[in-house]
Amino acid sequence: MRQRDSHKKQEKLERPRGTRDFLPEDMEKRRHVERIMRKVAESYGYREVCTPTFEHLELFTIKSGEQIVEEIYSFKDKGGRDLALRPELTAPVMRMFVNECSVMPRPLRFYYFANCFRYERPQRGRYREFWQFGVELIGSDEPESEAEVIALASRILDELGIDYELHVGHVGILRNVLRDVEDEISSKIFRLIDKGQLDELRELMLSSGLESLYNDVEAVIQAESLEDLPESAGKENISRLKRVCELLDVYEVKYSVDTGVVRGLDYYTGIVFEVYAEGLGAQKQICGGGSYRLAHLFGGEDVPSTGFAIGFDRVMEVCRLKPAEKRRVAVVHANQLEESIKLAERLRRELPECVIVTDVMGRNLRKQLSHFSDFDFAVIVGKKEVEKGLYTVKDLKSGKQEELDFEELVNRLKSTCQGTQSI
Ligand code: HAM
C-alpha cells in the first residue's frame, strides 16, 4: 500500500454520515437538560444503569427477526462473533436483568442515558448515532406501574418546559381485532398503522380479503373515546386502558386516548404511548414506550415490565432551557507567571463554582487583558502586589478596580459567584 505523502495538504476528513460533533456550548446545554432528566427520574426512585455499547446481534433479532439487521449496525469481531451496536436499550437492560438482577426484590426501577445506533436514512431529527434517556420499571403487571411510567415521562417533559401531546393506547386492542389474521399480514398492518400510511393499509386489507375486519381496524384507529371501540377490541384491554387513564387523572397528567398508537418495535404487549412535539417536522415523536415482556426470551422468567425512551436529540431541538452562566475570572500577570498560577490554584480551591483561567500563550499584560475582555473579573498579579501580598481585582463589566488581600479577594468573588451555579 502506498503511504500518503505527509507533506502534501490532505483533504479534510469528515465525520460519518448521520453523526454529529458537539461544541462546548452544545454540550453545556445537553448536560443541563440531562441533569434535569436524571433529577426527575431519581425523585421517583429510579437508579441509573449502564450496559455495553455493543451486544450479541441475537439480542436484537430474537424478537424482531432477521429483517432488523438491515436497520442496525452489525458486524463480526475478530473472533467471528456476530455483534451489533445497540439500537435501543430495552433489550440490553432486560438481558442485564436476567443475567444480574433476577433475584433482586421487585419492582426494579432503572434509568439510563446512552447513545444508540441505527442504520437509518439521516434527516432532521433522525440520526445514525443518537441519545436516549429512558426508564424500565421491571416486575409489575399492575396498571399503577404503567401510570407511574407515563406520569414520569410527562413530568420530565414538563420540567423542560416543552409543549407536547401525549397519546396513550393499548396494543392488545388491535392485536385482538386481528387475532385470526396470519402473522405476516398482521405485522404488515401494524407497520402501516405505525407509519400512518392509511391508504396503503386499506389497500392491503381489501386485497387480502379482510374487508369486514377493515371497518373494525378503522374504528380502532379513529376512536375518540373508549366508547367508540368495536366489541372485537376485547373487554379486558378496554378496562385496563380505562384504569390507567383514571390513574393518569390522579397524577394530573394531560393525555389523549389514542388506540391507533401501535409502536414500531415488536415487543409491546399492553399499554403503549407516544409523545409528539410541535416544531420538529416529520420526526416529531420525542418519546415512546409501553408494557412488554422480553425476559423469558433471554433465558429468564416471564417478567412484565414497562418503560419509555425519550429521544434526547429531538428534545434538545425544542427545549429552550440554558444552564446559568458561571462567573469567569482571569488571573493575569505582568511577568509573574508562577505567582499567577499559584493564585489561580488557590482561587479554584476556594471558589469551585467559578471558572478561573490563566494565560498559556506567553502574552504580555496588555494582551492578556484584551484577550480576557469578555470575562467578569481580572485579577492582576504584578511584582509590587506580590511583595505586598495584595491583588488588584478589576470588574471587567463596570471597569471598577480594587486592591485586596487574598481573603478579601475570595470574599469579593464569592459574593458575586453565588447563585450562578446550575443544578
Ligand atoms: P423508539 O420509539 O424506537 O422506542 O425510540 C424512542 C425515541 O428515540 C423516539 O421516540 C425518538 O424520539 C428517538 N429516536 C428513535 N430513533 C431515532 C433516530 N434515528 N434519531 C434520533 N432520535 C431517534 C424505543 O427505543 C424503546 N426502547 C422505548 C421503550 C423503553 N419501550 C419500553 N421501554
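Preceding block: the structure.
Here the structure is a predicted model, which means the values were calculated and not measured.

Calculation notes
- Residues numbered from 1 in each chain as written.
- Predicted model: local features only at pLDDT ≥ 70, side-chain atom pairs only at ≥ 80, totals over all residues.
- Heavy atoms only, no water.
- Axes fitted to C-alpha atoms, helices over the stretch in contact; angles between N-to-C directions.
- Helix = DSSP H or I, 4+ residues; strand = E, 2+ residues; numbered from the N terminus.
- Parallel < 35°, antiparallel > 145°, perpendicular 65-115°, else oblique.
- Left-handed = near helix turned anticlockwise from the far one by under 90°.
- Contact = heavy atoms within 4.5 Å.
- Nonpolar A, V, L, I, M, F, W, Y, C, P; charged D, E, K, R; others polar.
- Near = heavy atom within 4 Å.
- Polar contact = N/O pair within 3.5 Å; in protein donor to acceptor, adjacent residues only side chain to side chain.
- Areas by Shrake-Rupley, 256 points an atom, 1.4 Å probe, with all protein chains shown as cover.
- Pairing = 2+ DSSP bridges.
- Expected span 1.5 Å × (residues − 1).
- Buried < 20%, exposed > 50% of the residue type's maximum accessible area, 1.4 Å probe, protein only.
- Salt bridge = Lys/Arg side-chain N within 4 Å of Asp/Glu carboxyl O.

A. Seen up close, the packing of helix α4 (residues 143–159) against helix α9 (residues 235–250). α9 packs onto α4 with a crossing angle of 50 degrees between their chain directions and a minimal axis gap of 9 Å. Overall, the two elements α4 and α9 adopt an arrangement that is oblique. Viewed along their axes, α4 and α9 form a crossing whose handedness is right-handed. Touching Pro143, Glu144, Glu146, Ala147, Ile150 and Ala151 of α4 are Arg240, Arg243, Val244, Leu247 and Leu248, all from α9. Its residues assigned to classes, the contact of α4 with α9 shows seven nonpolar, no polar and four charged.

B. Main features of the site of the ligand. Residues in close proximity to the ligand total 27 residues, the closest being Glu88, Thr90, Glu120, Tyr268 and Gln285. Within the backbone of Cys287, a nitrogen or oxygen atom sits 3.5 Å from an oxygen atom of the ligand. In the complex, 96% of the free accessible area of the ligand, which totals 660 Å², lies under the protein chains. Counting residues per element, the ones that place at least two in the shell around the ligand are β6 (129–138), β10 (285–293) and β11 (304–311). In the shell around the ligand, the residues fall into 11 nonpolar, nine polar and seven charged.

C. Layout of the sheet that holds strand β14 (residues 377–381). Spatially, the five strands line up as an open sheet ordered β13-β12-β14-β15-β16, and their pairing is mixed. This sheet does not close on itself; its edge strands, each paired only once, are β13 (355–358) and β16 (401–404). Recorded for the sheet is a direction-independent mean angle of 25 degrees between the axes of neighbouring strands. Against the sheet, helix α11 (residues 337–350) touches β12 (328–333), β13, β14 and β15 (391–395), its axis set at about 170 degrees to β13.

D. Just helix α1 (residues 24–43), in detail. Taking 1.5 Å of rise per residue, the 20 residues of α1 would be expected to cover 28 Å, and the 28 Å separating its terminal C-alpha atoms lies within 8% of that figure. Residues of α1 that are buried include every one of Arg30, His32, Val33, Glu34, Ile36, Met37, Arg38, Val40 and Ala41, and no others.

E. Up close: the pattern of salt bridges. Tallied over the full model, the rule gives 28 salt bridges. Between Arg38 and Glu48 there is a salt bridge, and its shortest N-O distance comes to 2.6 Å. In this pair, Arg38 sits in helix α1 while Glu48 sits in strand β1 (residues 47–48), placing the two residues 10 residues apart along the sequence. Classification of Glu48 as partly exposed rests on a relative accessible area of 41%. Taking the shortest distance from any N to any O, the salt bridge between Glu274 and Arg263 comes out at 3.1 Å. You can see Glu274 sitting in strand β9 (residues 268–277) and its partner Arg263 sitting in the loop between β8 (256–257) and β9, a full 11 residues away along the chain. By sharing partners, the salt bridges in this structure join Asp141, Glu146, Arg240, Arg293 and Asp302 into a single network.

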